[in-house]
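Below, each chain spelled out in residue letters.
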Amino acid sequence: MENLIALLVAAPLLGAAVLLCGGRRLDRAGHWVGTLLAAASFVIGVVLFLDMLGKGAEDRALHQKLFSWIPVEGFQADVAFQLDQLSMTFVLLITGVGTLIHIYSIGYMAHDERRRRFFGYLNLFLAAMLILVIADNYLLLYVGWEGVGLASYLLIGFWQHKPSAATAAKKAFLVNRVGDMGLSIAIMLMFTTFGTFAFGPVLGATGQTSEGKLTAIGLMLLLAACGKSAQVPLQSWLGDAMEGPTPVSALIHAATMVTAGVYLIVRSGAIFNAAPDAQLAVVVVGAVTLLFGAIVGCAKDDIKKALAGSTMSQIGYMILAAGLGPIGYVFAIMHLVTHGFFKAGLFLGAGSVMHGMNDEVDMRKFGGLRTYMPVTFITFGLGYLAIIGFPGLSGFFSKDKIIEAAFAKGGAEGWILGSVALLGAAITAFYMTRVMLLTFFGEKRWQPDAQGNEPHPHESPKSMTIPMIILAFGSVFAGGLFSIGDRFLNWLEPVTGHSHGHAPVSAATVTAATMVVLVIGVAIAWAMYGRKPVPVVAPRGSLLTRAARRDLLQDDFNHVVLVRGGEHLTRSLVYVDHTLVDGVVNGTAASMGGLSGRLRKLQNGYARSYAVSMFGGTAVVIAATLLMRAV
Amino acid sequence: MNPVNYLYLAALLFTIGAAGVLIRRNAIVVFMCVELMLNACNLAFVTFSRMHGNLDGQIIAFFTMVVAAAEVVVGLAIIVSVFRSRHSASVDDASLMKL
């Protein structure tokens, strides 16, 4: 069984190699090759999963060492995989959702002449993401971490002829680089502290290490997670990343890659458990991002950017849960999985709407689409109910648990976090209802575009609707399946550990409160967007709305602080370089030149004057010799 | 006669030669002055040989004479060819080796 683990990665990696190196002759079959290999990886994942289910909880983890990567005295880097319950969860999510999105892309990208390359990149992403989650040491995890960053860059900028897409790709790459630096520093710190970076020894030795070092490692890991998972302060790239094709947004920027940060924190749980300060930082980042993303999601008129704000906010929930320690690890991952279903479904729905509307993304130009696209409407609607936490659907179970866990943190901290999470739930209900109402209800508001092409909204082909239907099933049933009988908790507990905390209020009270804020959020959204017609041109809006439309001024902040600051720094450095450094260098050269110009005059070509110097020199030497003798 | 007197003579001849080399412009005269210095050295060698009672100095003097003879051959040839091409034997006229 162990030997199958490498095949998980090998299948999509082979696909990427074949599709990217194969050239034009694969154009007609390329998408099938990519999809089949992704499906093959999923099948291997299922086989491993069934095998794992058959074993006891303690000996479920599988290890496979492929080869020694860098065998040096005192520095051992292996390419080795570890498949435990946590990794298994991710493998199924990645390959499962990944395969569905491959199928969806066949239809979505049908008219793109570079479709083969697109599938090559998707396979590359799957391979890198799988390496990330099944690596058994931080260095190999880093390989996967960079691999998904590369795939994300390539796919955001897939339509690189659009300057906005090219810029967005660069932005995502650069912002991620800041986070990646955090991860590399964390790995170096681990090596100097523990002498290794394999999960087992590092996480097992946290008891004998000083808290200061663990805090440093934890904060660096948090920086890494912030970059990859678009958390404040490295969140600015996710909104622009929506320039990529919609399947990419669904797979990479909603379901899988952006959750890598959550995986990293949960995987490194032992470090965070032993470093309360780092854990507090994680909680704060999660809570801030949860509100930040939700507020941004409320103001965006671009359907994908509204969903991107929502993704940011939901990952904020996961990071918050992961920061709660053993109370929250399991629920962070559970929300991650259910979010993977419903958010991927929502994005595919958004893609389907765009497909029928000539790639229009402005929700103010949609309206009344439910009769034109019934399947998209129903699947999107189920995803919507799941994300707002409608009772019985996936989001209800997973989000409710996170809110409970936040209260169970105890003390003032617990009350603050719990309230933030509740507020987030209300805002989530508001912005998702807004998206729903603007897109599928009300009057139809679309108009002919500049070329006079009127959109003819129509249902998407089967290759696109079937993945949406399957994901809708996941959005509806996954939460219940996980929660009834605490199945998910029992499954993950051997890896992450679990504690109940001290809840100040009963679970029923929290659920009731969640329901109340949910109803309030939906009611406000209905009052604003359902009751009266929606203007096609966005009204000016309040100060907060205008700020939220500009992503709460994140880019302005970055521009003023980082770009301007950087420019000032470089300008002053250039000034120092020109005056001081160049001054010294040029001054040396000039004085040498002047001196040699003077000395050159001695070289006058008269043999007799040379003879004088020789005689003079000899006389001086002899005089000196005699003088020394005399002394 | 006290051999030290020969040393004084040698020093005198050397000084005359050196002064000639530095002062005179005519290449032939400069050349003769160089020979004068060489012979002053020979005289000093021979004197020291006599004073110390061994033959080393005298042998060196023979060497010097041979070298001087060879030098005269080459040097005069150069002077003659310079004179032919430039119609002047002044050392100051041949001052092309400068920047």
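Rules of the game
- Residues numbered from 1 in each chain as written.
- Chains lettered and ligands numbered in written order.
- Predicted model: local features only at pLDDT ≥ 70, side-chain atom pairs only at ≥ 80, totals over all residues.
- Heavy atoms only, no water.
- Helix = DSSP H or I, 4+ residues; strand = E, 2+ residues; numbered from the N terminus.
- Rg over C-alpha atoms; globule rule 2.2 N^0.38 Å.
- Buried < 20%, exposed > 50% of the residue type's maximum accessible area, 1.4 Å probe, protein only.
- Contact = heavy atoms within 4.5 Å.
- Areas by Shrake-Rupley, 256 points an atom, 1.4 Å probe, with all protein chains shown as cover.
- Lys, Arg positive; Asp, Glu negative; His and termini not counted.
- Charge placed at Lys NZ, Arg CZ, Asp CG, Glu CD.
- UniProt positions renumbered as here; feature names shortened; annotations may be inferred.
- Phe/Tyr/Trp six-rings, centres within 6.5 Å; stacked < 30°, edge-to-face > 60°.
- Patch = residues over 30% accessible without salt bridge, like charges linked within 9 Å, V, L, I, M, F, W, Y side chains within 5 Å.
- Salt bridge = Lys/Arg side-chain N within 4 Å of Asp/Glu carboxyl O.
- Pairing = 2+ DSSP bridges.
- Buried area = accessible area lost by both parts, 1.4 Å probe.
- Polar contact = N/O pair within 3.5 Å; in protein donor to acceptor, adjacent residues only side chain to side chain.
- Nonpolar A, V, L, I, M, F, W, Y, C, P; charged D, E, K, R; others polar.
- 1 Å grid on protein atoms, 1.4 Å probe; cavity = no way out; pocket = protein on both sides within 12 Å on 5 of 7 lines; lining within 4 Å.
- Points joined across faces, edges and corners; volume = space filled by probe spheres on them.
- Expected span 1.5 Å × (residues − 1).

K.L.:
Kindly report on the overall build of chain B, identifying the contributing residues and their values.
P.N.:
Scanning chain B from terminus to terminus reveals 3 helices and 0 strands. Listing every helix and strand of chain B by position from the N terminus yields α-α-α. What you see for chain B is a C-alpha radius of gyration of 16 Å, clearly larger than the 13 Å of a compact globule of 99 residues, by over 25%. Each principal axis of the C-alpha distribution contributes one length, and for chain B these read about 50 × 25 × 25 Å. By residue count, 27% of the 99 residues in chain B fall in the buried class. Sequence separation of at least 24 residues holds for 59% of the intrachain contacts in chain B that already meet a minimum separation of 6. Element-wise, carbon and sulfur atoms account for 73% of the exposed surface of chain B, whose accessible area totals about 6,700 Å². Considering chain B, the positive charge centre built from 6 side chains and the negative charge centre built from 5 side chains are found 8 Å apart.

K.L.:
Lay out the UniProt feature "transmembrane region" (unreviewed entry) in chain B with the relevant residues and their values.
P.N.:
Residue and element names in this part refer to chain B. With numbering matched to this structure, UniProt assigns "transmembrane region" (unreviewed entry) to residues 6-23, 28-48 and 60-83. The span residues 6-23 shows a helical share of 100% and a strand share of 0%, and its end C-alpha atoms are spaced 25 Å apart. Along residues 28-48, the helical share is 100% and the strand share 0%, with 30 Å between the first and last C-alpha atoms.

K.L.:
Would you mind going over the packing of aromatic side chains in detail, with residue names and values included?
P.N.:
Residues and elements named next belong to chain A. The full count for this structure, using the stated rule, is 20 aromatic pairs over all chains. When the ring of Phe377 is compared with that of Phe440, the centres are 5.4 Å apart and the planes differ by 55 degrees; the resulting orientation is tilted. Placement of the pair is Phe377 in helix α16 (residues 374-388) and Phe440 in helix α18 (residues 411-440), with a sequence separation of 63 residues. Seen in terms of ring centroids, Phe482 and Phe488 are 4.7 Å apart; in terms of plane orientation they differ by 35 degrees. Their pairing is tilted. Take Phe482: its relative accessible area is 17%, and that puts it in the buried class. Taken together, the aromatic side chains of Phe118, Phe119, Tyr121 and Phe158 make up a single cluster linked through ring pairs.

K.L.:
Tell me about a nonpolar patch on the surface, and name the residues and values.
P.N.:
A cluster of nonpolar side chains, contributed by A:Tyr575, A:Val576, A:Leu580, A:Val581, A:Val584 and A:Val585, occupies part of the molecular surface with about 580 Å² of accessible area. Its location among the elements puts A:Leu580 in helix α23 (residues 554-600).

K.L.:
A description of helix α10 (residues 246-255) of chain A should follow, citing residues and the corresponding values.
P.N.:
Residues and elements named next belong to chain A. Where burial is concerned, most of α10 is hidden: 10 out of the 10 residues are buried. The complete set of buried residues in α10 reads Thr246, Pro247, Val248, Ser249, Ala250, Leu251, Ile252, His253, Ala254 and Ala255. Its buried side turned inward, α10 meets α3 (85-108), α4 (115-134), α5 (138-156), α9 (237-240), α14 (303-323) and α15 (329-356).

K.L.:
Provide a residue-level description of the pairing of strand β2 (residues 75-83) of chain A, including the pertinent values.
P.N.:
Residue and element names in this part refer to chain A. In terms of burial, β2 is largely enclosed, as 7 of its 9 residues are buried. Bridge count between strand β1 (residues 62-72) and β2: 9 bridges; the pairing is antiparallel. Paired with Gln64 across the bridge in β2 is Phe81. Turn length for the β1-β2 hairpin, with the two strands adjacent in sequence and antiparallel, is 2 residues, and the turn residue Gly74 shows positive phi of about 80 degrees.

K.L.:
Give a description of the side chain of A:Asp551 that names residues and reports values.
P.N.:
Residue and element names in this part refer to chain A. With respect to the helices and strands, Asp551 occurs in the loop between α22 (543-549) and α23. Given the relative accessible area of 13%, Asp551 is considered buried. Sequence-distant contacts of Asp551, that is, excluding residues within four places in its chain, are made with Phe292, Val296 and Lys300.

K.L.:
Can you break down the interface of chain A and chain B residue by residue, with the values?
P.N.:
Contacts between the two partners involve 10 residues from chain A and, on the opposite side, 15 residues from chain B. Where chain A abuts chain B, roughly 1,000 Å² becomes buried across the two surfaces, and 64% of that area is made up of carbon and sulfur atoms. If you sort the residues of chain A by the area they bury against chain B, A:Tyr606, A:Arg608 and A:Phe615 come out on top, with a joint share of 57%. Our count for the contact surface shared by chain A and chain B stands at 1 salt bridge. The salt bridge involving B:Asp92 is made with A:Arg608; its shortest N-O contact spans 2.6 Å. One can count 3 residue pairs in polar contact (both at pLDDT 80 or more) joining chain A with chain B. Here the side of chain A that touches chain B takes 5 residues from helix α24 (residues 607-630) of chain A, the largest share from any one element. Of the residues assigned to the side of chain A that touches chain B, the class counts are 5 nonpolar, 3 polar and 2 charged.

K.L.:
Pulling in residues and values, what's your account of the layout of surface pockets?
P.N.:
Residues and elements named next belong to chain A. A volume near 760 Å³ is recorded for the largest pocket. Contributing to the lining of the largest pocket are 25 residues, with Phe49, Leu92, Phe341, Leu481 and Phe482 lying nearest its centre. Residue contributions to the lining of the largest pocket peak at 8 residues, all from α3. Taken together, the residues of the lining of the largest pocket break down into 19 nonpolar, 4 polar and 2 charged.

K.L.:
Tell me what's going on with the side chain of A:Thr35, and back it up with residues and numbers.
P.N.:
Examined against the element boundaries, A:Thr35 turns out to sit in helix α2 (residues 30-53). Those residues in contact with A:Thr35, other than ones at most four positions away along the chain, are A:His102, A:Ile103, A:Ile106 and A:Phe119.

K.L.:
Break down α4(A) for me, with residues and values.
P.N.:
Along its 20 residues, α4(A) runs 29 Å from first to last C-alpha, staying within 8% of the 28 Å computed at 1.5 Å per residue. Of all 20 residues making up α4(A), 19 are buried, and the element is well covered by its neighbours.

K.L.:
Could you give an account of the environment of A:Gly269, with specific residues and numbers?
P.N.:
Summarising the element assignment, A:Gly269 is placed in helix α12 (residues 269-273). Distance from A:Gly269 to A:Leu203, taken between C-alpha atoms, is 8.1 Å for residues 66 residues apart in sequence.

K.L.:
For empty space enclosed by the protein, give the residues involved together with the corresponding values.
P.N.:
Residue and element names in this part refer to chain A. The tally for this structure, following the rule as stated, stands at 3 cavities of 30 Å³ or more. Space inside the largest cavity adds up to approximately 70 Å³. As for the largest cavity, its lining consists of Gln235, Ser236, Gly239, Phe292, Val296, Lys300, Lys305, Ala308, Gly309, Met312, Asp551 and Gln554. Those elements that provide at least two residues to the lining of the largest cavity are α13 (276-299) and α14. In terms of residue class, the lining of the largest cavity is built from 4 nonpolar, 5 polar and 3 charged. Computed from the structure, the second largest cavity encloses a volume of approximately 40 Å³. Taken together, Val330, Phe331, Met334, Lys401, Phe482, Ser483, Asp486, Phe488 and Leu489 form the lining of the second largest cavity. Elements that contribute at least two residues to the lining of the second largest cavity include exactly α15, α19 (462-483) and α20 (487-496).

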